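Structure assessment
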Amino acid sequence: MSSPSPFEISIPSSELQRLHQKLALTDFPDEVSDISSNWSRGVPLSEIKRLIHYWQNSFDWRAAEARLNTFPQFTTAIEVEGFGVYDVHFIHQKSAVENAIPLMFLHGWPGSFVEVTKMLPELLKGGEEGEGPAFDVVAPSLIDFGFSAASKKESFNADQHAEACHKLMLSLGYSEYVIQAGDLGHLIARFIALKYGPKHCKATHLNSALPAEPTATSHPELYAELEKIPLDKAEIAGLMRTKIFSEEGNGYLRIQSTKPQTIGYSLTDSPVGLLAWIYEKMHGWSDNYPWSDDEILTWVSIYYFSTAGPSASSYLYYENEHRNPSAFAAMQVYINVPLGIASFEKDVIVLPKAWNRTLGPIVFESVYERGGHFAAWERPDAIVHDLKGMFGKEREGYWTRLSNRRKNEVDWVRGTLS
Amino acid sequence: MVSSIKPFKISIPDSALRTLQGKLAVSSFPDEVDFSDNWSYGTTLTDIKRLARYWQSGFDWRAREKMLNEKLPQFTTKVEVDGFGELEMHFVHQRGEEGGIPLLFCHGWPGSFLEVLKILPLLTEKKGTGPSFHVVAPSLPNFGFSEGPKQPGFGIPQYAEAIHKVMMDLGYDKYVTQGGDWGFEITRFVALKYPTHCLATHLNFIEVPPEVLSSLIASTASPIPLEKEGLERTKWFLDEGYGYNDLQRTCPSTLGFGLRDPLFLLSWIYEKLHDWTDSYPWTDDEILTWISIYQFSRAGPEASVRIYYERNHIHLEETMRVHEFNADVKLGYSLFPKDLCVPPDNFVKRLGEVVFGRRHKSGGHFAAYERPEWLVEDLKEMFDEKGGAQDIGKKISC
């Protein structure tokens, strides 16, 4: 097993220059009253103009890069069966606390590994008086995202992503681990649980949940039970949000799932096209999160400067959709790996909590009024609270019961990384 | 009322050509992957690289501009659209022989007035007993060289009003229409709103409302192979080819920022030229002329996609009436197997009194460009002395 190489983000100056050349050539649509000034038809012109101006004149990528490089990053070669060997980029930070729980954080779209960083300090430290566990944290860039390699191949699906992420944990000496994830990351987490749980993947905590609706034929007992209980106000509101998303908010999903290459030319060749594409979701999917221009442009830059290029981030959508059964359908099966689910009322898909029982054994549940789709970024406190609760002292011995780890395995890991 | 009709020649400023070339010169292409040239994933990389390089240097826009100005006599006129003020409309107009029938040709997206290029000489000439037509082919507002509206809410009723008023300005009090793509809804609305003026409608695209579509596709009752093929094609379109529609109908502004990038505009439109036609052998010159009309359009390329949003969010109930039976207008249709929505023949009867119908064995969405002779033959047959709409022809010829 080869050891990981330390990694620092260092975008060549030539790429920065090229970006600025293109920014200088940005052509804006004409202003049309009411169309340009509000979010009804997409990102308003005034927002884009402001952000392009900032990107061109004030945004300091080198400073953003330096901030990102304060987090310990590595790359390591991971083989994916039938596909090849890929350099996977990841943050890895170990807790000072002994027997910390190995935790893999999986980002989604349009997020990145950076989404773990607000939670790191709290996750790494155990509680005083032994309250709350500590975690060793691993946060990869998914292949085709961030600073991981490009997949380059057809049919590189959620199955392959799951294999790569699982093997990453094994390569770091973590033969047992838990996962926290949302969005695309949660899809991959489900595949990991299905294929590598409960032996390796001991539990997952998800802030996205896409269960199928229980029917009289699919889940007769659950269905009968639910028929007796009316939906509460929050659940009805959640279904409304879900309906609006499926009618008005999933154009990106439909195009990325069918013509990833076509939309890819906008994402790759047009900085303003990429900015609008990503920022629309950062704004629309979060719960009034006060994004700073620096945050917006850092997130967008991670796509712009990604190793595989921005168009690669759509490929998993295409593969998921064309998988038979589709990846989204495949992950709706009951997976017998302990499951924690956090529901954020302002997320885009919010389904009745009871439906989650079709997904696996629920050992932890939470509902948050504040916070949206990017839970780890908007409400790091909530996710940390959940993780400490799910694996913590109140659930005494839960991790110990899950884990069969031998002491020397822990020592090996310490040795490799010292 | 004084007519405001003025002759028009396309004359794109040098600065626009230089801007285009400048942007293409700093093109960044997606990295090559195994499926870069697999059309299932979208517009192929080899084609885009070749087209981008040619567009940047080689493609002679001035020559194409000259050709368009020579072959398509163009004009502008100012029309009033209720609630939107005055809009300057660009259109092609060529009179046929004496006694010809005024014909309003309505393009869609990503089409343009250019689609009338091949059918124009065929429609205007008189051969045998077939009629001759006076052809009017406007750029829809927000497209080509027509002005775009400056307020939201410009939907199908407004598009219909705009092109109807061009006919009125030209003095064609009674006329017939031909349309595909958006032309289906727009010309059907023209017939609905102006029944004493628009007397017959020929369609090369029959749109089926979503709620009807799924049952139509599921139906296995159709014994005719061509109809079955058509329904399979429709299913393919909804499963694999509908993403552009989902986007344009929900976030046209977001998409619009990217459409100002010529490489993306090229990819976005060229995908349709490839996927929506029946193996039409596009030349690079044809492709780039087609897309340049969007690149150099008066309202900007992003304006053209607003119709999807406005139609779906505003005046939708009124617009949906175009899917109901209309007894007042004679209906003719030509269906092509590689079009996007190809319903069975008996479905078309739900729309009106069908006086002409033909299901062709080849051809796709851009019928006027791919199968100009067949489309003109169909039209001439429809309005022929012995045709289903011959009484209309007699009534309105001028």
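All values derive from a computational prediction rather than experimental measurement.

A word on the overall build of chain A. What chain A contains, in helices and strands, is 18 helices and nine strands. At 21 Å, chain A has a C-alpha radius of gyration in line with the 22 Å of a compact globule built from 418 residues. Viewed in the frame of its principal axes, chain A has a C-alpha envelope of about 60 × 55 × 45 Å. Of all 418 residues assigned to chain A, the portion counted as buried reaches 61%. Carbon and sulfur atoms provide 52% of the accessible area of chain A, an area that totals close to 16200 Å².

Turning next to the overall build of chain B. Counting secondary structure elements, chain B contains 18 helices and nine strands. Taken over the C-alpha trace, chain B has a radius of gyration of 20 Å; the compact-globule value for 398 residues is 21 Å, and the two agree within 12%. Considered along the principal axes of its C-alpha atoms, chain B spans approximately 60 × 55 × 45 Å. Here chain B holds 398 residues, and 66% of them are scored as buried. When contacts within chain B are restricted to residue pairs at least 6 apart in sequence, long-range pairs at least 24 apart make up 77% of them.

What follows is about the state of the cysteines. All names here are of chain B. Per the stated rule, a full pass over the model turns up zero disulfides over all chains. The thiol sulfur of Cys398 is not disulfide-bonded, and the nearest other cysteine sulfur, from Cys198, lies at 14 Å. Among the residues examined, Cys398 registers a relative accessible area of 34% and is labelled partly exposed.

This paragraph deals with the side chain of His93(B). Of note, His93(B) is situated in strand 3 (residues 85–94). Among all residues touching His93(B), those that are not within four sequence positions of it are Pro73(B), Phe75(B), Val135(B), Val136(B), Leu170(B) and Tyr172(B).

Taken as a whole, this structure holds 55 aromatic pairs over all chains when the rule is applied. For the ring pair Trp299(A) and Trp377(A), a centre distance of 5.6 Å and an interplane angle of 70 degrees mean the geometry is edge-to-face. On the criterion of sequence distance, the pair formed by Trp299(A) in helix 12 (residues 293–304) and Trp377(A) in helix 15 (residues 375–378) is long-range, its members being 78 residues apart. Note on Trp39(B) and Tyr270(B): the rings are 5.5 Å apart at their centroids and 70 degrees apart in plane angle, and the pair reads as edge-to-face. Here Tyr270(B) lies in helix 11 (residues 262–275) and Trp39(B) lies in the loop between helix 1 (14–25) and helix 2 (45–56), a separation of 231 residues in the sequence. Tyr270(B) matches Trp39(B) in its accessibility class, with the two residues each being buried. Aromatic ring contacts, followed pair by pair, group Trp109(B), Trp182(B), Phe237(B), Tyr242(B), Tyr244(B), Trp276(B), Tyr280(B), Trp282(B), Trp290(B), Tyr308(B), Phe366(B) and Tyr369(B) into a single cluster. The lysine or arginine in question, Arg371(B), covers the ring of Trp374(B), its NZ or CZ lying 5.3 Å from the ring centre.

With 53 residues of chain A at the contact, the number on the chain B side is 61 residues. Roughly 4900 Å² of surface becomes buried between chain A and chain B when both sides are summed, with 54% attributable to carbon and sulfur atoms. Among the residues of chain A in contact with chain B, Arg41(A), Gln261(A) and Tyr265(A) are the three that bury the most area, contributing 17% of the side total. On the surface where chain A and chain B come into contact, there are five salt bridges. Examining the composition of the side of chain A that touches chain B, we find that nine residues originate from one element, helix 10 (residues 260–269) of chain A, more than from any other. Its residues assigned to classes, the side of chain A that touches chain B comprises 20 nonpolar, 17 polar and 16 charged.

Moving on, we get to the sheet that holds strand 3 (residues 84–93) of chain A. Residue and element names in this part refer to chain A. Ordered by their spatial adjacency, nine strands build an open sheet running 1-2-3-5-4-6-7-8-9, and the pairing between neighbours is mixed. Two strands close off the open sheet at either side, each with one partner strand: strand 1 (5–7) and strand 9 (362–368). Pairwise comparison of adjacent strand axes, ignoring direction, gives a mean angle of 30 degrees for this sheet. In terms of strand pairing, strand 2 (residues 73–80) meets strand 3 through eight bridges, oriented antiparallel. Following the sheet pairing, Thr75 is matched in strand 3 by His89. Helix 5 (residues 158–171) contacts strand 2, strand 3, strand 4 (101–106), strand 5 (135–140) and strand 6 (177–181) of the sheet and is inclined by roughly 120 degrees relative to strand 2. Contacts from helix 6 (residues 183–196) reach strand 4, strand 6, strand 7 (201–206) and strand 8 (339–344) within the one sheet, and its direction differs from that of strand 7 by about 160 degrees.

The subject of this paragraph is the pattern of salt bridges. What the rule picks out here adds up to 43 salt bridges over all chains. Residues joined in a network through salt bridges with shared partners are Asp27(A), Asp30(A), Arg260(B) and Glu302(B).

Two residues of an α-helix separated by three or four positions point the same way, owing to the 3.6 residues in each turn. All names here are of chain B. Those residues of helix 7 (residues 210–218) that fall on the buried side of the exposure criterion are Val212, Leu213 and Leu216. Each buried residue of helix 7 lies within a common arc of 105 degrees when the element is viewed along its axis, so the set occupies one face. Counted as exposed and oriented over 90 degrees from the buried face of helix 7: Pro210, Glu211, Ser214 and Ala218. Turning to helix 7, the residues buried within the fold contact helix 8 (225–240) and helix 15 (345–348).

Residue and element names in this part refer to chain A. Looking at where Gln256 falls in the secondary structure, it is placed in helix 9 (residues 251–258). With 72 residues separating them in the primary sequence, Gln256 and Phe328 have C-alpha atoms 15 Å apart. Beyond its immediate stretch of four places on either side in the chain, Gln256 contacts Trp109, Ile263, Trp277, Ser314, Tyr317 and Tyr318.

Residues and elements named next belong to chain B. It is the contact of helix 5 (residues 156–169) with helix 6 (residues 182–193), at a shortest axis distance of 8 Å, that shows an interaxial angle of 70 degrees. Judged by the angle between their axes, helix 5 and helix 6 are roughly perpendicular. On helix 6, the residues touching Ile156, Pro157, Tyr159, Ala160, Glu161 and Ile163 of helix 5 are Trp182, Glu185, Ile186, Phe189, Val190 and Lys193. Of the residues belonging to the contact of helix 5 with helix 6, the class tally is nine nonpolar, no polar and three charged.

A few words now on unusual backbone geometry. Glycine aside, negative phi is the norm for most residues, and most peptide bonds take the trans geometry. All names here are of chain A. Of note, the bond from Trp109 into Pro110 is cis; its omega dihedral lies within 30 degrees of zero at -5 degrees. When you line up the elements, Pro110 lands in the loop between strand 4 and helix 4 (120–124). Residues other than glycine seldom take positive phi values, yet Asn99 does so here, at roughly 55 degrees. Structurally, Asn99 can be placed in the loop between strand 3 and strand 4. Look at Lys152: it is not a glycine, yet its phi comes out positive at around 65 degrees. Looking at where Lys152 falls in the secondary structure, it is placed in the loop between strand 5 and helix 5.

All names here are of chain B. Two elements in contact, helix 7 and helix 8, have axes separated by 9 Å at closest approach and are oriented at 130 degrees. Classified by the angle their axes make, helix 7 and helix 8 are oblique. The element helix 7 and its partner helix 8 pack so that their crossing is left-handed. Taken together, the residues of helix 8 that come into contact with helix 7 (itself represented by Leu213, Leu216 and Ile217) are Leu231, Thr234, Lys235 and Leu238. A class-by-class count of the residues in the contact of helix 7 with helix 8 yields five nonpolar, one polar and one charged.

So, how was this worked out
Residues numbered from 1 in each chain as written. Chains lettered and ligands numbered in written order. Predicted model: local features only at pLDDT ≥ 70, side-chain atom pairs only at ≥ 80, totals over all residues. Heavy atoms only, no water. Helix = DSSP H or I, 4+ residues; strand = E, 2+ residues; numbered from the N terminus. Rg over C-alpha atoms; globule rule 2.2 N^0.38 Å. Buried < 20%, exposed > 50% of the residue type's maximum accessible area, 1.4 Å probe, protein only. Areas by Shrake-Rupley, 256 points an atom, 1.4 Å probe, with all protein chains shown as cover. Contact = heavy atoms within 4.5 Å. Disulfide = S-S within 2.5 Å. Phe/Tyr/Trp six-rings, centres within 6.5 Å; stacked < 30°, edge-to-face > 60°. Lys NZ or Arg CZ within 6 Å of the ring centre and 35° of its normal. Buried area = accessible area lost by both parts, 1.4 Å probe. Salt bridge = Lys/Arg side-chain N within 4 Å of Asp/Glu carboxyl O. Nonpolar A, V, L, I, M, F, W, Y, C, P; charged D, E, K, R; others polar. Pairing = 2+ DSSP bridges. Axes fitted to C-alpha atoms, helices over the stretch in contact; angles between N-to-C directions. Arc of directions from axis to C-beta. Parallel < 35°, antiparallel > 145°, perpendicular 65-115°, else oblique. Left-handed = near helix turned anticlockwise from the far one by under 90°.

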